[in-house]
Structure formats: C-alpha cells, structure tokens
Amino acid sequence: MAANTAIRIAEARKVYGSGSSAMVALHDVDLEIPTGRFVSIIGPSGCGKSTLLRLIADLETPDAGSVEVLGGSAADACDGKHVGFVPQSPALLPWLNVLHNVTLPHKVNRGASRKRRAGAADARPMPDMEQLLRAVGLDDAMHKLPSELSGGMQQRVAIVRAMGLQPDVLLMDEPFSALDEFTREALQEQLLDLWDDTTATVVFVTHSVSEAVRLSDQVVVMAPRPGRIIDVIDVDLPRPRRWDRFTSDAFHHYENLIRECLQSAWHSPDLPSAA
Ligand SMILES: Nc1ncnc2c1ncn2[C@@H]1O[C@H](COP(=O)(O)OP(=O)(O)OP(=O)(O)O)[C@@H](O)[C@H]1O
C-alpha cells in the first residue's frame, strides 16, 4: 500500500445469508482512499454503502478480498483507536451530561491514547473538549443531558466525541440525515471547520448529492444488485467551501455529474452475481 493511502479495499465481496436467500451486498469492490481526503459514498438505498463502511470499521468482515486501513488490518486500526465512527443516530449515553459524554472515550481509552502519545512521531496533544464543544455552538449545553438537546445538538455532540479522539480515519454513516436543511448546512460547515484542523481521512455516507459536493474531495458512486462502485468523481472545488460557493456553475457541474451517474446506477441492469 502506498504511504499516502489510508484505506485500500481490493476485490471485496460481502454476502448476507446463504442458498436461495443469499444477498450479495458488495461485489468486487476496489477502492483506494488517499490520506487526509474527505470522501463521500453515495448511491441508491440498499447498494451497500453502510456495508462498505462497516468493513472499514471492522464491524463486518469481507467474504472475499481485502480491506487495509493505515497499512494494516481494519481490526488493528480499530484496536489502536485510529478509527472513529459517527453513526446515523448519535447514540449518546443518556445518564451522562454532554461534557461527560465527549470525555468518556478518553478515559476509557487512556491506554491507547498514552501509547499513541509516547510512540508516535506525529503525536498530537489531546484536544480541549470544552473548546471543541464551543466551536460547534454547544457552550450552553455542556452540562445538559442528551434528552434536553435537539437532534442537531445531539449529532454535534456525537461528532465532537468522535473528533476528540483524533482518529486518523473518521467514518460517518449518514450523520445528518435526520436533520432539517438549515441545521444540516450549519453542521456541514462546522464539520469542515473541525476537519480543517486535523489530518483525518473521512469516509462519509450520504444520500444527498449537494452534501457530497459541498464536503468532498472525491465522491464514490455505487449501484445496487449487487452493491458495487460504478464511478469515483474528483471534486475539484477550492476550500474553504462557504455557502456562497454553492451557487457557482462549477458546483452545479459536479451536482449534475453525480446525478447523471446516479441515474445510470438506478437504471443499470442486475449483474448475474446478484443471485
Ligand atoms: N446484517 C444484515 N443481514 C442481512 N442483510 C443485510 C444486512 N445488512 C445489510 N443487508 C442487506 O445488504 C444490502 C446492503 O445494505 P446496506 O445497509 O449496506 O445498504 P445502504 O446502501 O447503506 O442502504 P441505505 O441507503 O438504505 O442505508 C441491503 O439489501 C440490505 O438489506
């Protein structure tokens, strides 16, 4: 694996079930993600986006092919606390306030954090979690319980919790899908601001074409039956990407490119391996 490749997936296949009920969730998936890139995965429902993310997160193992993360196995990368995961729903601990929710992973992972600080040449100091919470507008919410927060606020807490561990790879599975458009756009901007201060490689699953273009360096387009990658589109737009850039011709060009690709994904014929 090249030194600047964070994730390398080669001929990965994942099948759920067996016999006549077998479902090929991923078929022959090849993907290389360079270090420090923000990559979105988009495609119709059921095309295997979450399955692909779960392979990288070591929550699933491929039935064939390989998944390498940071030059080793996905399991090693996860055991070493190099991989952060933000799920669709924030999954906060309801009995802990916001500050305790985001600082708990540090306490639980103190061993791994110490090892990283001692061993890594690029060791970074642990972030000030209160400052991270302030950066996403949660100044007044630090001592509140999750049940006292809106959905958007809870998702901000989940992002700060994952970012606070300074993962080298951050996996996000439709983290903004349950939010209204306004909150979603605010969180996209805050996510990019947080990401700017890191060297993390981000893999972000979304159903939204404009969200993919706003956030990403690269958009991976998938098709279903069986789940497979049909295109990888480089998004060559300058950063920082503020809202006023989202009306530009260049922005719409990428949106159209991805929409055309999704149309062909939707209409693409089933492959024999879908059986
Ligand atoms: N644990 C499982 N057991 C059986 N089938 C599964 C399992 N997980 C996923 N599948 C099936 O694998 C296929 C891919 O699922 P996956 O969740 O990866 O798709 P997706 O693209 O993320 O979908 P969505 O956009 O709706 O979230 C689907 O047909 C799904 O029903």
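Everything below is about the structure shown above.
Residues numbered from 1 in each chain as written. Predicted model: local features only at pLDDT ≥ 70, side-chain atom pairs only at ≥ 80, totals over all residues.

Novice: Even after reading the chapter, I still don't get the overall build of the chain, so can you show me in this structure?
Specialist: Across its full length, the chain holds nine helices and ten strands. Here the C-alpha atoms of the chain give a radius of gyration of 19 Å, agreeing with the 19 Å that 2.2 N^0.38 yields for 275 residues. Considering only C-alpha atoms, the chain reaches an extent of 55 × 45 × 35 Å along its principal axes. When the 275 residues of the chain are sorted by exposure, 39% land in the buried category. If you take every contact in the chain between residues at least 6 apart in sequence, the share linking residues at least 24 apart comes to 73%. (Helix = DSSP H or I, 4+ residues; strand = E, 2+ residues; numbered from the N terminus. Rg over C-alpha atoms; globule rule 2.2 N^0.38 Å. Buried ≥ 20, exposed ≤ 12 C-beta atoms within 10 Å, placed from the backbone. Contact = placed C-beta atoms within 7 Å.)

Novice: Explain the pairing of strand S6 (residues 83-86) here, please?
Specialist: Residues Val 83 and Phe 85 point to one face of S6 and Gly 84 and Val 86 to the other, with burial holding for every one of them. One ladder, built from four bridges, connects S6 with strand S7 (residues 169-173); its direction is parallel. Paired with Gly 84 across the two strands is Leu 170, which belongs to S7. (Pairing = 2+ DSSP bridges.)

Novice: Would you explain helix H9 (residues 249-267) in this entry?
Specialist: Every α-helical turn comprises 3.6 residues, leaving residues that sit three or four positions apart pointing alike. Here H9 contains 19 residues, and its C-alpha end-to-end distance of 27 Å stays within 8% of the 27 Å for a straight helix at 1.5 Å per residue. What H9 keeps buried is the set Tyr 254, Ile 258, Cys 261, Leu 262 and Ala 265. The buried side chains of H9 occupy one side of the element, clustering within an arc of 100° when seen end-on. Opposite the buried face of H9, by more than 90 degrees, sit the exposed residues Asp 249, Asn 256, Arg 259, Glu 260, Gln 263, Ser 264, Trp 266 and His 267. (Expected span 1.5 Å × (residues − 1). Arc of directions from axis to C-beta.)

Novice: Help me out: how do you make sense of the site of the ligand in this one?
Specialist: Contacts to the ligand come from 13 residues, most closely from Tyr 16, Ala 25, Ser 45, Ser 50 and Thr 51. Put simply, the parts of the chain that give the shell around the ligand at least two residues each are strand S2 (23-34) and helix H1 (49-56). Looking at the shell around the ligand element by element, the count peaks at three residues for H1. Considered class by class, the residues forming the shell around the ligand number four nonpolar, eight polar and one charged. (Near = placed C-beta within 6 Å. Nonpolar A, V, L, I, M, F, W, Y, C, P; charged D, E, K, R; others polar.)

Novice: Teacher, can you tell me more about the sheet that holds S7 here?
Specialist: Two pairing modes exist for strands in a sheet, parallel and antiparallel, and in both the strands are linked by backbone hydrogen bonds. Taken in spatial order, the six strands make up an open sheet running S6-S7-S8-S3-S9-S10, and their pairing is mixed. The sheet terminates laterally at S6 and strand S10 (228-234), the two strands that pair on one side only. Averaged over all adjacent pairs, the angle separating strand axes in this sheet is 15°, with direction ignored. Lying on the sheet, H9 is in contact with strand S3 (38-42), strand S9 (218-223) and S10; it crosses S9 at an angle near 15°. (Axes fitted to C-alpha atoms, helices over the stretch in contact; angles between N-to-C directions.)

Scope: geometric values only; no functional claims are made or implied.
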